[in-house]
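So you can see what is in the structure, the chains are spelled out below.
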Amino acid sequence: MSLWRRISASTNLSPEGEQYVVVYAGNTGTTDLDLNLIAYPFDSVNGFGDRIVPTQFIEDGFNGGGRVAFSPSGGGVATTAGLFIPAPVNDFGLVSYVWDEGFGSRITTPDAKPRGAQNVAFHPDGDVVFVSHAQGTAQGGSELYAYNWSDATGFGSTRSVSSQIQNPYQDFQPIAVSPNGQFVAVGHTSGINLDIFPFSKSTGFGTKVQPSVVAAPNAVFSVAWNNAGTYVAIGGGSTDGTKRLNIWAWDNATGSFGAKVANTNISVGFVSTSTVYSIIFSPDDEAIILGVAAGPDAGLAAFSWDNDTGTFGAQYDEPSEPVPYLDYPRSLRFNTNGNVLFASGGDSAQSPVMAYQWDNQTGFGSRYDDPDSTGIGLGYNAYSIDYKDFG
């Protein structure tokens, strides 16, 4: 299979500047057992380029949700995978990489960090990075941590720790930072399923806010803000198709929830055990795309969205070239122009990384040739994907 695919029929595609996609993938294959990070150059005309891998992987360090994120400046890559630090620390630290058109040196924190690092997200200013730690009750509970960040040195000292999150399990805890950087949303398995913490770089985390209406999915796997910062969404698993996606209005001025504004039945084309694993709003907030697990026909569902009224429009047609990893479409990203949708997932012998053309009027377009993911092995899960436009 060619690593390059030229798609020239669409008028909304044109070559852009330097762009990269980075993927964190678990590995249960029998070769290249340490391989878990891969990056690719990308442009919307030519697709994925030759893959880039670090010289040092995060060997034997999968200790959580396996998430990856470019820093806002693009000079660093943060992961939520614990790497064991030998004596005298004898505990887990967080791992990052310098980035300069490829992976630079691997950086491990010199001191122990809380175990169960699940998800990572940056403050828009780039000097603070948030990590959700789901340690379980035996390890002391679950919290959000705000760490100082430098591209050159990675995760720094602890800046602030949130109050306890009602999540007695060592799994998931997706997080999303509001566009203005003033609020951090975290989804979790127990209770109301969503906490939003105010955050100030001078005072740290404030008192968490919860919606008055219980979301009631069986578990929460995804959380997302719209790009205007006026709605927050969580996705999870439920036998009730109307409870798999929950969206609330949000007031930035008062730091409070508004009404639970939208309901749609996430069941068309999916089975009763379907789970919303990933959510993303298009850059102009005119569409919502979902990665839905356990569907018989496709793993991606998309709906038009009205920011003014907080309502869904029509459901877009499924991709004509189906998603091969139906069980776990875990992570979604748009490119800057909003004309390419990236997806990562797993639990299949197919590619864990892919990209589709996207148009808000017509929905899914052509699928780009899948990039080279050799060495990840069967049974993989590409838990996380991120994209950075370097201009």
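Note that the structure is predicted; figures quoted are calculated from it, not measured.

Draft legend 1. Focus on the overall build of the chain. Scanning the chain from terminus to terminus reveals 0 helices and 30 strands. In the chain, which comprises 391 residues, the proportion classed as buried is 59%. Sequence separation of at least 24 residues holds for 54% of the intrachain contacts in the chain that already meet a minimum separation of 6. Only carbon and sulfur atoms are counted for the fraction: they give 48% of the accessible area of the chain, which is about 14,500 Å².

Draft legend 2. Spotlight on the nonpolar core. Grouped together as the largest cluster of nonpolar side chains are 16 residues, with contacts concentrated most on Leu-245, Ile-247, Ile-279, Ile-288, Leu-290, Trp-305 and Phe-312. Where this core is concerned, the elements lending two or more residues are β19 (231-237), β20 (245-251), β22 (275-281), β23 (287-293) and β24 (300-306).

Draft legend 3. Structural view of the pairing of strand β16 (residues 194-200). Of all 7 residues that make up β16, 5 are buried, and the element is covered over most of its length. Alignment of strand β15 (residues 183-187) against β16, held across 5 bridges, turns out to be antiparallel. Bridge pairing links Val-184 to Phe-197 in β16. Pairing between β16 and strand β17 (residues 204-205): 2 bridges, direction antiparallel. Note on β17: the bridge partner recorded for Ser-200 is Gly-204. Remark: 3 residues form the turn of the hairpin made by β16 and β17, two consecutive strands paired antiparallel.

Draft legend 4. Inspection of the sheet that holds strand β8 (residues 95-99) at higher detail. Sheet architecture is open: 4 strands sit in the order β4-β5-β8-β9, paired in antiparallel fashion. Each end of this open sheet is capped by a strand with a single partner; those strands are β4 (68-70) and β9 (103-108). Neighbouring strand axes in the sheet, compared pairwise and without regard to direction, differ in orientation by 20° on average. Pairing between strand β5 (residues 76-79) and β8: 3 bridges, direction antiparallel. When the bridges of β8 are listed, Gly-76 appears paired with Val-98.

Draft legend 5. Broad picture of the sheet that holds strand β11 (residues 128-134). Pairing is antiparallel across the open sheet formed by 4 strands, whose spatial order is β10-β11-β12-β13. Every interior strand has two partners, whereas the edge strands, β10 (117-122) and β13 (154-161), have only one. Within this sheet the neighbouring strands show an average axis-to-axis angle of 30°, counted without direction.

Draft legend 6. Region of interest: unusual backbone geometry. Within the chain, Glu-101 stands out as a residue other than glycine whose phi angle is a positive 55°. By the element assignment, Glu-101 lies in the loop between β8 and β9. For Glu-101, a relative accessible area of 53% puts it in the exposed group.

Draft legend 7. Quick peek at the environment of Pro-110. In this structure, Pro-110 sits in the loop between β9 and β10. Considered as a pair, Pro-110 and Phe-155 are 45 residues apart in the sequence and their alpha carbons are 9.6 Å apart. Excluding residues that lie within four positions of it along the chain, Pro-110 makes contacts with Ile-85 and Val-89.

Draft legend 8. Broad picture of the pairing of strand β29 (residues 363-367). Strand direction decides the pairing type here: strand β28 (residues 353-359) and β29, joined by 3 bridges, are antiparallel. Bridge pairing links Tyr-356 to Arg-367 in β29. With antiparallel pairing between neighbouring strands as the criterion, β28 and β29 make up a hairpin whose turn holds 3 residues.

Draft legend 9. Region of interest: the side chain of Gln-19. Within the secondary structure, Gln-19 is located in strand β1 (residues 19-24). In this structure Gln-19 comes out as buried when scored by relative accessible area, which is 3%. Only 2.3 Å separates the side chain of Gln-19 from the side chain of Tyr-387, close enough to count as a polar contact. Discounting chain neighbours no more than four positions away, the residues touching Gln-19 are Tyr-40, Pro-41, Phe-42, Asp-43, Asn-335, Tyr-387, Lys-388 and Asp-389.

Draft legend 10. Seen up close, a negative patch on the surface. A contiguous patch of negative charge on the surface is contributed by Asp-284, Glu-286, Asp-306 and Asp-308. Positionally, Asp-306 belongs in strand β24. Its relative accessible area of 32% is what places Asp-306 among the partly exposed residues.

Draft legend 11. The arrangement of the confidence of the model for the chain in detail. When pLDDT is averaged across the chain, the result is 82; 77% of the residues are at 70 or more. Across residues 1-14, confidence stays below pLDDT 50; counting only partners more than four residues off in sequence or on other chains, it has 42 contacts.

Draft legend 12. Representation of the side chain of Ser-282 in the model. Examined against the element boundaries, Ser-282 turns out to sit in the loop between β22 and β23. A relative accessible area of 1% places Ser-282 in the buried class. A distance of 2.8 Å separates polar atoms of two side chains, one belonging to Ser-282 and the other to Asp-284. Here the side chain of Ser-282 touches Glu-286 through a polar contact of 3.1 Å, landing on its backbone nitrogen. The residues touching Ser-282, leaving out its near neighbours within four places in the chain, are Asn-227, Ala-287, Phe-334 and Asn-360.

What counts and what doesn't
Residues numbered from 1 in each chain as written. Predicted model: local features only at pLDDT ≥ 70, side-chain atom pairs only at ≥ 80, totals over all residues. Heavy atoms only, no water. Helix = DSSP H or I, 4+ residues; strand = E, 2+ residues; numbered from the N terminus. Buried < 20%, exposed > 50% of the residue type's maximum accessible area, 1.4 Å probe, protein only. Contact = heavy atoms within 4.5 Å. Areas by Shrake-Rupley, 256 points an atom, 1.4 Å probe, with all protein chains shown as cover. Core = buried A, V, L, I, M, F, W, Y, C linked by side-chain atoms within 4.5 Å. Pairing = 2+ DSSP bridges. Axes fitted to C-alpha atoms, helices over the stretch in contact; angles between N-to-C directions. Polar contact = N/O pair within 3.5 Å; in protein donor to acceptor, adjacent residues only side chain to side chain. Patch = residues over 30% accessible without salt bridge, like charges linked within 9 Å, V, L, I, M, F, W, Y side chains within 5 Å. Salt bridge = Lys/Arg side-chain N within 4 Å of Asp/Glu carboxyl O. Lys, Arg positive; Asp, Glu negative; His and termini not counted. Charge placed at Lys NZ, Arg CZ, Asp CG, Glu CD. pLDDT = per-residue confidence, 0-100.

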